[in-house]
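Now for the letters of each chain:
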Amino acid sequence: MATGKYSRVDGKKSSSYGLTITIVLIVSLCLVGTWMFTSSWSASDDSAGYSSTDTAKDVDSVTKNVAEEKKEENEAVTENNQVKTDPEESSGEKTETVEDRKENDDSSEDEEKEKIVKEVESESEEAKEKVVKEVESESDEAKEKEKTQLEESTEENKSEDGNNGTEENASETEESTEKSNKEVFPAGDQAEITKETSTKDGSWSTQLVESQNEKKAQESSVPKDQQSGYEWKTCNVTAGPDYIPCLDNLQVIKRLQSTMHYEHRERHCPEESPRCLVSLPDGYKRSIKWPNSREKIWYNNVPHTKLAAIKGHQNWVKMSGEHLTFPGGGTQFVNGALHYIDFIQESYPAIAWGNRTRVILDVGCGVASFGGFLFERDVLALSFAPKDEHEAQVQFALERGIPAMLNVMGTKRLPFPGSVFDLIHCARCRVPWHIEGGKLLLELNRALRPGGFFVWSATPVYRKNEEDSGIWKAMSELTKAMCWKLVTIKKDKLNEVGAAIYQKPTTNECYNKRPQNDPPPCKDSDDQNAAWNVPLEACMHKVTEDSSKRGASWPNMWPERLETAPEWLDSQEGVYGKPAPEDFAADQEKWKTVVAKVPWHIEGGKLLLELNRALRPGGFFVWSATPVYRKNEEDSGIWKAMSELTKAMCWKLVTIKKDKLNEVGAAIYQKPTTNECYNKRPQNDPPPCKDSDDQNAAWNVPLEACMHKVTEDSSKRGASWPNMWPERLETAPEWLDSQEGVYGKPAPEDFAADQEKWKTVVAKSYIDGMGIDWSNVRNVMDMRAVYGGFAAALKDRKLWVMNVVPVDAPDTLPIIYERGLFGIYHDWCESFNTYPRTYDLLHADHLFSTLRKRCKLESVMAEVDRILRPEGTFIIRDDMETIGEVEKMVKSMKWEVKTTQSKDNEGLLSIKKSWWRPTQTETIKSAIA
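Counting restarts for each chain: residues are numbered from 1 in the order of the written sequence. For this predicted model, a pLDDT threshold of at least 70 governs which residues receive local features, and a threshold of 80 or more governs which side-chain atom pairs are given and counted, while totals over whole chains, interfaces and linings are taken from all residues. Each side-chain value is worked out from all heavy atoms of the structure, with water and hydrogens disregarded.

As annotated in an unreviewed UniProt entry, the chain carries the name Methyltransferase and comes from Brassica cretica. UniProt positions are given in the numbering used here, feature names are shortened, and annotations may be inferred rather than shown by experiment. Here is the UniProt Sequence similarities (unreviewed entry) comment for the chain, exactly as written: "Belongs to the methyltransferase superfamily."

The following block contains the structure:
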């Protein structure tokens, strides 16, 4: 049996008991004297100190425990064993009027001392022992750990509370106390509703209980993932936030014997893959969305200016305040990529962007504006360039949302199969195609499809100086020996450049007639599809002429080629064991169904029935999909199945309309408001759900192909439509009338009190009192929403709130939806389904003290760190023990505590997340592919 320090298990008193009581009495008398002295000072409401920066730092006084313990024993106890006191008395706030001070002056110090001594002497032996243990325990704890600023502030407030006078004083100061509660600590402690320790489930079960019961009813169980906490570390590397392990292996690069062929730009992977987190650039922000990102990105996300300095005059990239902007230019198309793209099309119309030519490779891409604007021509361009002195060019492309990769024309093959690109483009890419037997151009020949084009826009095409003329002559000889046909040379007068367009042959006739085998043909054993770490050779792969093999013929035109199996698959076996064409078709239909169309009609309509469960009676389902407006065999079949299913579900098809502008259509269905249709169905298909099925149970509950009936009892949720917006936001639903609320009052009163509380808190504390720049707040989460009062109080702000109802909390999520807000269930002992750095502000009201009973707070704080954006705000309200623990954790994470408030063992923190990342590492094995 574990016992406290100095306690005895035999029930007898410690030998030091008398001495300890004497000390307690002396301390009590000293504190009473101090209180009487300080009570003569006036304190305005505005200066009452509940911020840890405004209060004196002192230890808890035991006077309150000694003087009031007997009184507390005689008070009524609530259902949750909480002492039910007057809200104004329990506020614990010291606020005195002139009359209060006058009355206190009239009281003699001797009378106060005598009162305290008598009350102490009248205590039972058990109560005295309790006081001794508390004093000694607090003393030991003070020795063992440093107190947080909030703990010290709270102890000062408690000391004031313990000497706040008699009930008579409390009655006389009721008005001023209420005023101070609202103005100084507008956290809403002026009502019992804020006493979270007395929170009950009210009339609502928890989502956890509902869902567990439903899963038991279905005789199904979902194993709970085992959670483990890990401490991540950050990569400490020269490249910092741009670290690429296989390109930044500096130890290997330093030992290279030659860099003539760009060996230092090729891959050199470390023997063991790193297990660290790459740091973020300072000032990193969420990427700008496409298509705006094509024109501009955040400078801080890719903080490199070299290209802007040396290529800005060519309209590659420019600095513009906090953005890097991309005018769409390039070395060969200063006046914009679209004009240049059209120039190529006009130079040789057979290229046919977005029809014959769909997939292209852009070599030495710069910032990839060429590929970025080809999207408008329905062309998919993969751009590549090395990680070289053209600082961050590929990183710019990726940040813009343009397909790009790091690679180099060096000593190894490009990582692509043979004969796959319709066109390869080089605009002043500075690759020496003609040297060393044309090794690099022969690599393009391998990757280029027979009949494909090579567009070369470079100075040797249109300049006549000695160097360029020499290169042109060498390229002419090389391309002729490779049997490439020069189909055209054109000049772009606007950009004052030119382009030569070559076409690869579709047969081997030319190869076989060459007077010299130079470049030589590759060996018969050479597999042109082998590309991973294969050294380059100066040999030429012949064209495939066997119609049963890939490359012998050009694919269908785009977009037909997307959904048509190539003819050369006919004689092959597919990946899934069927003949390849069947495999191809089955795979295509599978993913069309999975990605593009939710199969509402299959498996008894299980998925549509889940929507029926979530949809309010009288609500609408808008279905805009191809089966609504296309009449091919597949879509017609789906439409027929959906029509039968929705009819069986008693959904009414209220209209079908076509959108001529977008060339689509939509069918709109309405869910019934009564069970009349359900009861008249000739067949119970889909079958009704069992009476024991709780349609509100939603946490990890398996789907079933059954239909929930409509609620027709007016006293229950769902029987009537809510009030119109915005009235519904502030009006308690009628079906709450007969229920008990979360805080113990009738539900409508609970609802109203919660609403007024959060109006006050948000208006008087959160908006102006915490130093939050609300113009930077867009995505907000209330981690423990009860009635949604916090979100409702923010309705006039240009932001949105994700209301989360924990699965072990009263299931009030239906009320939140009834108000015109939205939310979700979640278990905060697990990770939330969102990307890192999603929210600008997180709000947790008395959540953590509940969670600490089930899971580690360190893990929860790690999740808070994951989903909160750098410089985002975290507001937590809880008991002081929990607040102290969280405060220590956030300080260890280098977060900035912006605001602290405390009173009556209740505290508040407003914290700003930092950009700090740890310097050590630890691997999460489950996250490694």
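Time to look at the sheet that holds strand 11 (residues 620-623). Strands sit in the order 11-13-12 across an open sheet of three strands; the sheet is antiparallel. Each having just a single partner strand, strand 11 and strand 12 (652-659) make up the two edges of the open sheet. Strand-to-strand, the axes of this sheet are offset by a mean angle of 20°, without reference to chain direction. Pairing between strand 11 and strand 13 (residues 664-670): four bridges, direction antiparallel. Paired with V622 across the strands is I668, a residue of strand 13. Any two strands with at least two DSSP bridges between them are considered paired. Here a strand is any run of E in DSSP of at least two residues, a helix any run of H or I of at least four, and the numbering for each starts at the N terminus. Angles run from 0 to 180 degrees between N-to-C directions of axes, and those axes are lines fitted to C-alpha atoms, restricted for helices to the stretch in contact.

Moving on, we come to the state of the cysteines. A covalent bond bridging the sulfur atoms of two cysteines is what the word disulfide describes. Here, the term disulfide refers to a pair of cysteine sulfur atoms separated by no more than 2.5 Å. On inspection of all chains with the given rule, the structure shows six disulfides. Two residues share a disulfide in this structure: C483 and C510, whose sulfurs sit 2.1 Å from each other. On the S-S bond that ties C483 to C510, the torsion sits near -85°, and the link is left-handed. Residue C483 is located in the loop between helix 18 (466-481) and strand 9 (485-492), and its partner C510 is located in helix 19 (residues 509-513); the two are separated by 27 residues in the primary sequence.

In this text, buried Ala, Val, Leu, Ile, Met, Phe, Trp, Tyr and Cys residues form a nonpolar core when linked through side-chain atoms within 4.5 Å. Remark: exposure states derive from per-residue accessible area (1.4 Å probe, protein chains only) relative to the maximum for the residue type, with buried under 20%, exposed over 50%, and partly exposed in between. Among the nonpolar cores identified, the biggest contains 37 residues, and V363, M409, W433, L441, L444, F454 and W456 are the most heavily contacted of them. At the level of secondary structure, the elements contributing two or more residues to this core comprise strand 4 (359-363), strand 7 (421-427), helix 16 (439-447), strand 8 (448-457), helix 17 (459-462), helix 18 and strand 10 (497-503). The contact criterion used is simple: two residues touch if any of their non-hydrogen atoms lie within 4.5 Å. If sequence neighbours within four positions are ignored, F454 has contacts with I424, C426, W433, L441, L444, L448, M475, W484, A500, I501 and Y502.

Our next topic: the pairing of strand 9. Regular strands have side chains that alternate between both faces of the sheet. As paired strands, strand 9 and strand 10 are joined by seven bridges and run antiparallel to one another. In the sheet register, K491 faces strand 10, and the bridge partner there is G498. What sits between the antiparallel neighbours strand 9 and strand 10 is a turn of four residues, in which E496 has the positive phi angle 55°.

This part takes up the sheet that holds strand 6 (residues 404-406). Taken in spatial order, the seven strands make up an open sheet running 6-5-4-7-8-10-9, and their pairing is mixed. Of all strands in the sheet, those with a lone pairing partner are strand 6 and strand 9, marking the two edges. Mean inter-strand twist for the sheet, computed between neighbouring axes without regard to direction, equals 20°. Here helix 16 sits on the sheet in contact with strand 4, strand 7 and strand 8, set at roughly 135° to strand 8. Contacting strand 8, strand 9 and strand 10, helix 18 crosses the sheet at an angle of about 175° to strand 8.

Time to look at the packing of aromatic side chains. Two aromatic rings from Phe, Tyr or Trp, using only the six-membered ring of Trp, form a pair when their centres are within 6.5 Å; if the ring planes differ by under 30 degrees the pair is stacked, by over 60 it is edge-to-face, and anything between is tilted. Within this structure, the stated rule accounts for 25 aromatic pairs. Judged by centre distance (6.4 Å) and plane angle (70°), the rings of W353 and F370 are edge-to-face. Here W353, found in the loop between helix 13 (337-347) and strand 4, pairs with F370, found in helix 14 (residues 369-374); they are 17 residues apart in sequence, far enough to count as distant. Note on W353: relative accessible area 9%, which makes it buried. Here F370 falls in the buried class, since its relative accessible area comes to 1%. Between W600 and F621, the ring centres sit 5.9 Å apart and the planes meet at 85°, which makes this aromatic pair edge-to-face. Taken together, the residues span a long stretch of sequence, with W600 in the loop between helix 21 (580-596) and helix 22 (606-614) and F621 in strand 11 at a distance of 21 residues. On the basis of relative accessibility, which here comes to 15%, the residue W600 falls in the buried class. For F621, a relative accessible area of 12% puts it in the buried group.

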